[in-house]
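Listed below, chain by chain, are the residues.
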Amino acid sequence: MATVSKADKKAAVDAAAWMFNVVTSVGIIIVNKALMATYGYSFATTLTGLHFAFTTVMTIVLRCLGYIQPSHLPFTELLRFILFANFSIVGMNVSLMWNSVGFYQIAKLSMIPVSCLLEMVLDKIRYSRDTKLSIGLVLVGVGVCTVTDVSVNSKGFLAAFVAVWSTSLQQYYVHYLQRKYSLSSFNLLGHTAPAQAATLLVVGPFLDYWLTEKRVDMYDYNLVSVLFITLSCTIAIGTNLSQFICIGRFTAVSFQVLGHMKTILVLVMGFFFFGREGLNLHVVIGMIIAVLGMIWYGNASSKPGGKERRSYSLPTTRQQKLGAASDSDDNEDKA
């Protein structure tokens, strides 16, 4: 009976984590779309830097209140993560500028097979036939929804390649670091957010000027635009935290596959908030296919053999080997 109760509690927490991520992610997309389209704030990289600055303040406050305990993350690991994360942000912004919207969406979809490859090579994950087919169905459905015009050039392809691999590596690394160093989502954000905020706020204005030929310091700031920027940064705290929670509890592949529910919701919300344009029969059919694929994936990957490790041996620190052997065993069972 205790085992069932524990499983039910885990399922409830998992569902809450997904809902937290979906709500904050969709919310920030809607707010940013209004901020950029209505108020002309086109400085995406600088805005992301502000997001991490607000997240940094949150982690500092929580640490002062005692909700975040001291933890250790080696500088080399932090540097590697920051490189992956910042190349992901810059790569996605440049890819959107240099490629058609259709190819940009294809690049985003390709993160799923890349994440699968990383898990198969680095974590020795094995996927069942049903799990693979369900992932394929999600890709088809989201592709039907979002991919329209497709044109590509050499520099656009390079930008997309960098964006896809850096994003996939960054998301894989979130799960890897939390497991290897026994870091909670708050702990990991406490290490990474300040470094990302500092680097993006330094690089962001120059990159945004290169992309838009506009200077962020020359933007016509007013009360409404500042309120939207503040709202975006506030929601981003939840988005950043929920991403780390979801990837930590699941994997980068599950986060990518089930995360495309956000794409579906953004299309629907865009229909209600920004007009009927773009929502037609083939988009609705694509949504239905994608949702069915997500349901199939959730069912197939949770079955025995749906997604399992052939052999797993994650390196641990000396301190963990001496003092947390039982916790490590328990964590591997949860994975």
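Just so we're clear, the structure is a prediction, and the values are computed from it rather than from any experiment. (Residues numbered from 1 in each chain as written. Predicted model: local features only at pLDDT ≥ 70, side-chain atom pairs only at ≥ 80, totals over all residues. Heavy atoms only, no water.)

Novice: With reference to specific residues and values, describe the environment of Gly-40.
Specialist: Structurally, Gly-40 can be placed in the loop between helix 1 (2-39) and helix 2 (44-64). Overall, the relative accessible area of 31% leaves Gly-40 in the partly exposed class. For the pair formed by Gly-40 and Ser-225, sequence separation is 185 residues and the distance between their alpha carbons is 9.1 Å. Sequence-distant contacts of Gly-40, defined by excluding residues within four places in its chain, comprise Leu-35 and Tyr-219. (Helix = DSSP H or I, 4+ residues; strand = E, 2+ residues; numbered from the N terminus. Buried < 20%, exposed > 50% of the residue type's maximum accessible area, 1.4 Å probe, protein only. Contact = heavy atoms within 4.5 Å.)

Novice: Residues and numbers for the side chain of Ser-128, please.
Specialist: Here Ser-128 is to be found in the loop between strand 1 (125-127) and helix 6 (129-146). What Ser-128 contacts, discounting residues up to four positions off in sequence, is Gly-305 and Gly-306.

Novice: Can you tell me about unusual backbone geometry, naming the residues and giving the values?
Specialist: Trans peptide bonds make up the majority, and among non-glycine residues the majority have a negative phi. Phi at Lys-124 takes a positive value of approximately 55°, unusual for a residue other than glycine. Position of Lys-124 relative to the elements: it lies in the loop between helix 5 (111-122) and strand 1. Among the residues examined, Lys-124 registers a relative accessible area of 37% and is labelled partly exposed.

Novice: Account for a nonpolar patch on the surface, with residues named and values stated.
Specialist: Among the surface-exposed residues, Phe-75, Leu-79, Leu-83, Phe-87, Val-152, Phe-157, Leu-158, Phe-161 and Val-162 lie close enough to one another that they form a single nonpolar patch of about 910 Å² accessible area. Structurally, Leu-83 is set in helix 3 (residues 75-98). In this structure Leu-83 comes out as partly exposed when scored by relative accessible area, which is 44%. (Patch = residues over 30% accessible without salt bridge, like charges linked within 9 Å, V, L, I, M, F, W, Y side chains within 5 Å. Areas by Shrake-Rupley, 256 points an atom, 1.4 Å probe, with all protein chains shown as cover. Salt bridge = Lys/Arg side-chain N within 4 Å of Asp/Glu carboxyl O.)

Novice: I'd like to hear about the environment of Val-147, residue by residue, with values.
Specialist: On the secondary structure map, Val-147 appears in the loop between helix 6 and helix 7 (154-180). On the basis of relative accessibility, which here comes to 21%, the residue Val-147 falls in the partly exposed class. Discounting residues that sit within four places of it in the chain, Val-147 has contacts with Gly-102, Gln-105, Ile-106, Leu-109 and Val-142.

Novice: So what's going on with the confidence of the model for the protein chain? Which residues, and what values?
Specialist: Close inspection of predicted coordinates is inappropriate for parts of the model with low pLDDT. Looking at the protein chain as a whole, its pLDDT mean stands at 83, while 86% of the residues score no less than 70. Here helix 13 (residues 325-334) stands out as the least confident element of the protein chain, with mean pLDDT 42; helix 2 is the most confident, with 94. (pLDDT = per-residue confidence, 0-100.)

Novice: An account of the pattern of salt bridges is requested, with residue identities and associated values reported.
Specialist: A full pass over the atoms with the stated rule returns 5 salt bridges. In this structure, Glu-77 engages Arg-80 in a salt bridge whose closest nitrogen and oxygen atoms are separated by 2.8 Å. One end of the pair, Glu-77, and the other, Arg-80, are both in helix 3, 3 residues apart, so they sit about a helical turn from each other. Given a relative accessible area of 6%, Glu-77 falls into the buried group. Among the ionic pairs, Glu-77 bridges to Lys-180, the shortest N-O distance being 3.4 Å. You can see Glu-77 sitting in helix 3 and its partner Lys-180 sitting in helix 7, a full 103 residues away along the chain. Just as Glu-77 is buried, Lys-180 falls in that class too. Residues joined by salt bridges that share partners form a network here, namely Glu-77, Arg-80 and Lys-180.

Novice: So what about the nonpolar core? Which residues, and what values?
Specialist: Membership of the largest hydrophobic core comes to 33 residues, with the highest contact counts inside it found for Leu-73, Phe-81, Tyr-173, Leu-177 and Leu-188. Among the elements of the structure, helix 1, helix 2, helix 3, helix 7, helix 8 (185-212) and helix 9 (223-249) are those that each provide at least two residues to this core. Sort the elements by how many residues they give to this core and helix 3 lands first, with 6 residues. Setting aside residues no more than four positions away along its own chain, Leu-188 makes contact with Leu-73, Val-174, Leu-177, Gln-178, Leu-183 and Phe-244. Leu-109, Ile-135, Val-142 and Val-257 belong to the second-largest nonpolar core, a separate cluster that totals 17 residues. (Core = buried A, V, L, I, M, F, W, Y, C linked by side-chain atoms within 4.5 Å.)

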